[in-house]
Amino acid sequence: MKRLSRSIFSILIFGYAFLYIPLILVVAYSFNDSRIATIWGGFSTRWYGELFRNDQVLDALFLSVRIALTSATLATILGTMAALALARFGRFRGHTLFTGMITSPMVMPEVITGLSLLLLFIALQQLTGWPGQRGFSTITIAHTTFSMAYVAVVVQARLSAMDQSLEEAAMDLGGRPLRVVFDITLPLIAPAMIAGWLLAFTLSLDDLVIASFVSGPGATTLPMYIFSKVKLGVSPDINALASLIIAFVSFGVLLAWAVMRRTEAR
Amino acid sequence: MGIVAAPQRRRAKRLDVLPGAGKLQDNLWQRVAIATPYIWLFVFFLMPFVIILKISLADPLVAQPPYTPTFDSLGNISVTADNFAFLLTDKLYAITYLKSILMAATATMCCLMLGYPMAYGIARASETSRNLLLLLIILPFWISFLLRVYAWMGLLNNHGVINNLLMFVGVIDAPMQIIYTDFAVFIGLTYSYLPFMILPLYATLERMDLDLVEAAQDLGASATIAFRDITWPLSRPGVIAGCLLVFIPATGEYVIPYLLGGPNSLLIGRVLFDEFFVNRDWPLASAVAIVMLILLVVPIMYWKNFERKAAENEA
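Residues numbered from 1 in each chain as written. Chains lettered and ligands numbered in written order. Predicted model: local features only at pLDDT ≥ 70, side-chain atom pairs only at ≥ 80, totals over all residues.

Student: How would you summarise the overall build of chain B if you had to cite specific residues and measurements?
Tutor: Within chain B one finds 13 helices and 0 strands. Secondary structure elements of chain B, listed N to C terminal, follow the sequence α-α-α-α-α-α-α-α-α-α-α-α-α. At 25 Å, chain B has a C-alpha radius of gyration far larger than the 20 Å of a compact globule built from 315 residues. The principal-axis extent of the C-alpha atoms belonging to chain B is close to 80 × 80 × 35 Å. Put simply, chain B has 315 residues, and 41% of those count as buried. Partitioning the contacts of chain B with sequence separation of at least 6, the portion at a separation of at least 24 is 70%. (Helix = DSSP H or I, 4+ residues; strand = E, 2+ residues; numbered from the N terminus. Rg over C-alpha atoms; globule rule 2.2 N^0.38 Å. Buried ≥ 20, exposed ≤ 12 C-beta atoms within 10 Å, placed from the backbone. Contact = placed C-beta atoms within 7 Å.)

Student: Quick one: what's the story with the overall build of chain A, residue by residue and with numbers?
Tutor: For chain A, the helix and strand inventory stands at 11 helices and 0 strands. When the elements of chain A are put in sequence order from the N terminus, they spell out α-α-α-α-α-α-α-α-α-α-α. The C-alpha atoms of chain A give 23 Å as radius of gyration, which overshoots the globular expectation for 266 residues (18 Å, by more than 25%). By principal-axis analysis of the C-alpha atoms, chain A measures approximately 75 × 65 × 35 Å. Residue burial in chain A is summarised as follows: out of 266 residues, 45% are buried.

Student: Which residues make up the interface of chain B and chain A, and what values go with them?
Tutor: With 83 residues of chain B at the interface, the matching set in chain A holds 80 residues. Looking at the side of chain B that touches chain A residue by residue, the classes come out as 61 nonpolar, 15 polar and 7 charged. (Nonpolar A, V, L, I, M, F, W, Y, C, P; charged D, E, K, R; others polar.)

Student: Please set out the environment of Ala60(A) residue by residue, giving values where relevant.
Tutor: All names here are of chain A. Along the chain, Ala-60 turns up in helix α3 (residues 55–88). It is 6.9 Å that separates the C-alpha atoms of Ala-60 and Tyr-225, two residues lying 165 residues apart in sequence. Look past the residues within four positions of Ala-60 in its chain and what remains in contact with it is Thr-220, Thr-221, Leu-222 and Tyr-225.

Student: Describe helix α10 (residues 222–230) of chain A, naming the residues involved and giving the relevant values.
Tutor: Taking burial as the measure, the 9 residues of α10(A) include 7 buried ones, the bulk of the element. For α10(A), the full list of buried residues reads Leu222(A), Pro223(A), Met224(A), Tyr225(A), Ile226(A), Phe227(A) and Val230(A). Where α10(A) is buried, its residues touch α3, α8 (177–206), α9 (209–214) and α11 (236–265) of chain A together with α5 (145–156) and α11 (255–261) of chain B.

Student: Now, about the nonpolar core: what can you tell me, with residues and values included?
Tutor: With 158 residues, the main nonpolar core has Leu115(A), Ala119(B), Tyr150(B), Val246(B), Leu260(B) and Leu272(B) as its most contacted residues. Among the elements that take part in this core, α3(A) stands out by supplying 16 residues, more than any other. Ignoring sequence-local partners within four residues, the contact set of Leu272(B) consists of Val111(A), Leu115(A), Ala285(B), Val288(B) and Ala289(B). (Core = buried A, V, L, I, M, F, W, Y, C linked by C-beta atoms within 7 Å.)

Student: Can you lay out unusual backbone geometry for me, pointing to particular residues and giving the numbers?
Tutor: At the junction of Trp130(A) and Pro131(A), the peptide bond is cis and its omega measures out at -5° in the coordinates. Within the secondary structure, Pro131(A) sits in the loop between α5 (110–128) and α6 (136–161). Of note, the phi angle at Tyr180(B) is positive, near 65°, even though the residue is not glycine. Along the chain, Tyr180(B) falls in the loop between α6 (161–169) and α7 (182–207). For Tyr180(B), a count of 19 C-beta atoms within 10 Å corresponds to the partly exposed category. We note that Arg280(B) has phi near 50°; this positive angle belongs to a residue other than glycine.

Student: Go over α5(B), please, and point to the residues and values.
Tutor: Compared with the 16 Å implied by 1.5 Å per residue over 12 residues, the 17 Å span of α5(B) between its first and last C-alpha is a close match. Across the 12 residues of α5(B), 11 count as buried, placing the element largely inside the fold. (Expected span 1.5 Å × (residues − 1).)

Student: I'd like a rundown of the packing of helix α7 (residues 165–172) of chain A against α8(A), residues and numbers included.
Tutor: Residue and element names in this part refer to chain A. Direction vectors running N to C along α7 and α8 enclose 150°, while the axes themselves pass 10 Å from each other. Crossing handedness for the pair α7 and α8: right-handed. On the side of α7, the interface is formed by Leu-166, Glu-167, Ala-170 and Met-171, while α8 contributes Val-180, Ile-184 and Thr-185. Here the residues of the contact of α7 with α8 are counted per class, giving 5 nonpolar, 1 polar and 1 charged. (Axes fitted to C-alpha atoms, helices over the stretch in contact; angles between N-to-C directions. Left-handed = near helix turned anticlockwise from the far one by under 90°.)

Student: I'd like to hear about the confidence of the model for chain B, residue by residue, with values.
Tutor: Residue and element names in this part refer to chain B. Looking at chain B as a whole, its pLDDT mean stands at 84, while 90% of the residues score no less than 70. Of the regions scoring below 50 in pLDDT, residues 1–21 engages in 38 contacts with residues more than four places distant in sequence or in other chains. We note a pTM of 0.88 for the whole complex and an ipTM of 0.89 for its interfaces. (pLDDT = per-residue confidence, 0-100.)

Student: So what's going on with the environment of Leu272(B)? Residues and values would help.
Tutor: All names here are of chain B. Among the structural elements, Leu-272 can be located in helix α12 (residues 268–277). C-beta crowding within 10 Å serves as the criterion here: with 26 such atoms nearby, Leu-272 is assigned to the buried category. Leu-272 sits 20 residues away from Gly-252 along the chain, and the two C-alpha atoms are 9.3 Å apart.

Student: Lay out the environment of Leu78(A) with the relevant residues and their values.
Tutor: Looking at the secondary structure, you find Leu78(A) in helix α3. On the basis of neighbour counts, which here come to 25 C-beta atoms within 10 Å, the residue Leu78(A) falls in the buried class. Dropping the residues within four chain positions of it, Leu78(A) is found in contact with Thr144(A), Met148(A), Thr36(B), Pro37(B) and Trp40(B).

The structure is reproduced here in structure tokens:
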């Protein structure tokens, strides 16, 4: 294939600059000594120090990670079951409703998902007394509900693309469906389940709107904490926090890329 | 993940010919695998919508909960369409809905115009650089959405980088108001949703058979005509997936208008939020959500239909 034309090349440069310049500037300003975040007052790392002494940030981070771990795991279990039901069990009663419910959370605007779940929790509380207090449990349920859709789609794509002859051979040889699922299907779709888990984990860590709806007093996730601060404008310790996240993610992604290149070269 | 599969209907014929041993247990397993996610979604996805619908048909009340019950103490049903009538007759809401849709549509077009050549460039780049270029598109997904919007606050601020740069160069004398305008919201939407456009476009462009383009050019078609008649029609699934992936979430966006749009930037996601938390008018907030859903049903249905067809073509 011939080389890229000059116009495509310049649009690529412009596009990547558009995507990355804001992030680079946040990192640059995180080393700014001035309290007024947009005026340069000399190099300093003091905002990083303040960040680590800030208990609110650490508490919020801890809560977010706990929610993300729990909801990603639940979403992977439920999503994989749903994918198996859709790709392997044929038609069952309520099949159409099921497919509709499985994909809809992905295209639903966040404000609607958040509002509807909050109203459900309030109604449940009136009827049954549960949930007594909104927080960890309600946010985890909300995150599980929308991220299980993503897991189901990823796992189902793998199941549809997969050669079914192994499972069929196992069944022809007398293997019972339950054993076939655990001995053959699950090991084969494990990479998709891991990908789905990671996706669910990231989605949960990232969510602000749904968590703001279904959370109660006293439970603040990291995005909720960040939002409450940046509502009032640019703030230097958030610059430091953002830079740490950017550095962490970039390192992980570049590492993944390097590993990918090495395995490809082999 | 735009083009991945919708349900594939395949009969598990083998189940019928199984020997009797353990059949009961296997049936049980299948039932559990279907019922668990089914019940979960029924309770936490479908039920909430029934409740929203119910509350949208009630009157607001200064009480706990702040709306009238659907059935009064005598068991009479009491519903009202007042909230919907209000939404339809109040000009402010009509304008807000229209503005949200227009804003989302403009951002979608802009994402397409920037994203298409980028996806094209990445798909046609050499194999070694392609992976890195693609990773750089996905990387922002893992950096919090909120923080990426926040990054623009520092750029667009009155004392921010763009204004300082323009003043330094001498284009303007006083800071220009960029943040807290519709233009800032539009930039934020385009920036945040650009990767959603590029990924499905890349997926279709990368799979395309390049021999077709070459054949057309060998037969005398110019590069423009080859693009118009071959590349563009073949990439349409990616265009549709990308546009819907940007348009649907952008319509209900809350964070971007809040942080970049300032107090007067009324987009529907924010109106819903304020109606619920600030005005505590639950019935009206529910009605706002229902109308928004009705407006989005057409693109959502289109999307589902499209996904189903894509899955059928692949099978």
